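As a plain string of letters, each chain reads:
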Amino acid sequence: MVNAQNTTEEIRAMEREAQETVKTARREAQQIVEKARTDAEERKKEARQQTTRTYRKSIERFRQEAAEHAESIRKKGIEKAEEDVRKQESRVDKVADWVAQEVMKQYGYRKG
């Protein structure tokens, strides 16, 4: 009977030890899961921040390129306008002379 009692106590002790081992394993597993979640959230946050930085850099680069392109178009427009003015300048002088002659023919020349 003593032998059976000792065996029963040993079995109960082993069951308690097994239960403690299972509890410990569950706690450790829970900690691993929580750490994995935390790490995943951190990686997700870092990826989102990196994406935002990349997006902002791209937008800034596109704005700069657009500004440079606009400036190029503006300069070409100014050059074209100045060229047109130079081309038309002699015509303007001719038209002004013609108008003055016509006025003088019509009304005569009078000094003020």
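In this text, all values refer to a predicted model and were calculated from it rather than measured experimentally.

Some details on the overall build of the protein
Next up, step 1: Looking only at helices and strands, the protein features one helix and zero strands.
Next up, step 2: A globule of 112 residues ought to have a C-alpha radius of gyration of about 13 Å, yet the protein, at 47 Å, is considerably larger.
Next up, step 3: Once the C-alpha set of the protein is aligned to its principal axes, its extents read approximately 150 × 25 × 15 Å.
Next up, step 4: Counting over 112 residues, the protein shows a buried share of 1%.
Next up, step 5: A total of about 10900 Å² of accessible surface is found on the protein, and carbon and sulfur atoms cover 54% of it.
Next up, step 6: Each charge class in the protein can be summarised by its mean position, and for the 27 positive and 23 negative side chains these summaries are 6 Å apart.

A short note on the pattern of salt bridges
Next up, step 1: Throughout the structure, instances matching the rule amount to eight salt bridges.
Next up, step 2: When the shortest N-O distance is used, the salt bridge between Lys35 and Asp39 registers 3.1 Å. Here the residue Lys35 and the residue Asp39 both occupy positions in helix α1 (residues 2-107), the gap between them amounting to four residues, near one helical turn.
Next up, step 3: Of the charged contacts, one joins Asp84 and Lys80 as a salt bridge, the two residues approaching to 3.2 Å between their closest N and O atoms. Of the two residues, Asp84 and Lys80 are both situated in helix α1; the distance of four residues between them amounts to about one turn of the helix.
Next up, step 4: Taking the relative accessible area as the measure of exposure, Lys80 reaches 46% and is therefore partly exposed.

Observations concerning the packing of aromatic side chains
Each pair of aromatic rings is reported with the distance of its centres and the angle of its planes.
Next up, step 1: Applying the stated criterion across every chain yields a total of zero aromatic pairs.
Next up, step 2: The aromatic ring of Phe62 is capped on one face by Arg61, whose charged end is 4.8 Å from the ring centroid.

Details of the environment of Arg56
Next up, step 1: The topology assignment puts Arg56 in helix α1.
Next up, step 2: Judged by its relative accessible area of 60%, Arg56 falls in the exposed class.
Next up, step 3: C-alpha separation for the pair Arg56 and Gln106, spaced 50 residues apart in sequence, amounts to 69 Å.

Here's the deal with the environment of Ala67
Next up, step 1: Tracing the sequence through the fold places Ala67 in helix α1.
Next up, step 2: The spacing of Ala67 and Glu17 is 50 residues in sequence and 74 Å in space, taken between C-alpha atoms.

Conventions adopted
Positions within a chain are numbered from 1, following the residues in the order the chain's sequence is written. With the structure being a predicted model, the display of local features is reserved for residues of pLDDT at least 70 and the display and counting of side-chain atom pairs for 80 or more, all residues being used for whole-chain, interface and lining totals. Working from all heavy atoms in the structure, the side-chain values ignore hydrogens and water. In this description a helix means any DSSP run of H or I spanning at least four residues, a strand means any run of E spanning at least two, and both kinds are numbered starting from the N terminus. Every radius of gyration here is taken over C-alpha atoms, with the globule rule written as 2.2 Å times N^0.38, N being the number of residues. Residue exposure (1.4 Å probe, protein chains only): buried if accessible area is under 20% of the type maximum, exposed if over 50%, otherwise partly exposed. Throughout, the Shrake-Rupley method with a 1.4 Å probe supplies accessible areas, and for residues the shown protein chains are the sole cover considered. The charge count treats Lys and Arg as positive and Asp and Glu as negative. His and the chain ends do not count. Think of each charge as sitting on NZ of Lys, CZ of Arg, CG of Asp or CD of Glu. A side-chain nitrogen of Lys or Arg and a carboxyl oxygen of Asp or Glu constitute a salt bridge if their distance falls within 4 Å. Aromatic contacts are taken between Phe, Tyr and Trp rings whose centres are within 6.5 Å, Trp giving its six-membered ring; a plane angle under 30 degrees counts as stacked, one over 60 as edge-to-face, and the others as tilted. Criterion for a charge above a ring: Lys NZ or Arg CZ within 6 Å of the ring centre, and within 35 degrees of the ring normal.

It is worth stressing that arrangement in space is one thing and function is another; only the former is reported here.
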